[in-house]
Amino acid sequence: MASADSENRPPEAIPQAVKIIVAGGFGAGKTTLVSSVSEITPLSTEEVMTEASYGVDDLGGVEEKTTTTVALDFGRITINPDIVLYLFGAPGQDRFWFMWDELAEGALGAIVLADTRRLHTCFHAVDFFERRGVPFVVAVNRFDASADYCREEVREALDISGEVPIVMADARDRESCKEVLVELVTHVIQGRSPAMSG
Amino acid sequence: MNTSEEQRGTGWTGPAPGRPTTGPFPRRPAPSWNRGRGHPTSEGPSAGVGDAPAGSLVRPYTMTRGRTRPPTGPRLDMITIVVAARDREERALEPEYQAIMRLCRRPISLAEISARLDIPLTVVRVLLGDLVAAGDVRTRASAPVTRLPEKKVLQAVLDGIRRL
């Protein structure tokens, strides 16, 4: 028997999902940021890639291939009944770069979390989003022991253009993380204004 | 008994050595894919994450009969939302499909299915592809990869975040 509890759902009620990528170096606080704003305890999923990536149709003889498993943490924010926002923490280490293309596809934008103690760990993320044309903001996660740098020092160190917003943030603080998200989405909307299609 | 026969290696359909089959489909006695993994973080590989040994990769793919790609159908990415189709007669499905169907009673993303069942994304993609092909679940027609969300969607997201 079909379950009765699903009978009164209108057939078109499938929400649209959008996603934001949270990138940054190892230990920059990506998962902390996701936890701060997510309505669910962040979930962890994993992707398995073979050496030949998606070019593999079957796994016959897979023992011979190099495989990599990468864990992805993500959270969810239900915007309204029709829109769900997902926040994906991008894997920080170089060997997990194969995931970034898939993560970036169709992404609304990205947050690059910078740890001023190890600013170089987010260089790759900045490069990637610039190259792909994915709009992003830099959020400087303030750690207790971190030296206080001003925005312009960070901008110079990261060599990013004046249009890219840089915000000071505390990944543990929900309000602070909301501000980062607002900054990003505002930046995305502004960037879209000249050639609006929708 | 006929353990040797079971171990003969008949491709994916063979159960793990020494495990009995109970019906037309090989069934693993315990859903090892559903055992949970604790809560690793993306801050790097925790136990069991990283360069997994081939053995732990092959096992999940027994669910897909070795396929790494779904049958032709709608594009299924991490945030594709799926929901169980109504007016479908309940039919006997293998446990992995049943578990997915249970989660799909409400709209749910592919990534969440993967996380909640502890099945890798690629495997969920194949299994969902089967369910879509059979008409058991529906997906929202996803926008082309290159198309970004419309401005009204962005504005709704902005308003939604402010309301948090």
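Residues numbered from 1 in each chain as written. Chains lettered and ligands numbered in written order. Predicted model: local features only at pLDDT ≥ 70, side-chain atom pairs only at ≥ 80, totals over all residues.

### Observations concerning the overall build of chain B
Condition: Each helix is a run of DSSP H or I of at least 4 residues and each strand a run of E of at least 2, with the numbering of both proceeding from the N terminus. Each residue is represented by a C-beta atom placed from its backbone, and any two residues with such atoms within 7 Å are regarded as in contact.
For chain B, the count of helices and strands is six helices and three strands. Helices and strands appear in chain B in the N-to-C order α-α-β-α-β-α-α-β-α. A separation of at least 24 residues holds for 69% of the contacts in chain B among residues at least 6 apart in sequence.

### Remarks on the sheet that holds strand E1 (residues 81-84) of chain B
Residues and elements named next belong to chain B. As a reminder, the rule being used: Strand pairing is defined by DSSP finding a minimum of two bridges between the two strands.
The antiparallel open sheet is built from three strands, whose spatial order is E2-E1-E3. Two strands lie at the open edges of the sheet, namely strand E2 (108-109) and strand E3 (137-139), each paired on one side alone. One ladder, built from two bridges, connects E1 with E2; its direction is antiparallel. Its bridge partner lying in E2, Ile-81 is registered against Ser-109.

### A look at the nonpolar core
Selection rule: The nonpolar core is taken to be a set of buried Ala, Val, Leu, Ile, Met, Phe, Trp, Tyr and Cys residues joined by way of C-beta atoms within 7 Å. Exposure is read from a count of other C-beta atoms within 10 Å of each residue's own; the residue is exposed at 12 or fewer, buried at 20 or more and partly exposed in between. C-beta atoms are placed from the backbone.
Judged by nonpolar contacts, the single largest core of 86 residues is most densely connected at A:Val22, A:Ile111 and A:Val112. Residue contributions to this core peak at eight residues, all from helix H5 (residues 121-133) of chain B. Setting aside residues no more than four positions away along its own chain, A:Ile111 makes contact with A:Ile20, A:Val22, A:Phe136, A:Val137, A:Ala139, A:Val180 and A:Leu184.

### A few points about the confidence of the model for chain B
Our working rule: Here pLDDT means the predictor's own confidence in every residue, given as a number from 0 to 100.
Across chain B, the average pLDDT comes to 71, with 59% of residues at 70 or higher. In the predicted assembly, ipTM is 0.84 and pTM is 0.76.

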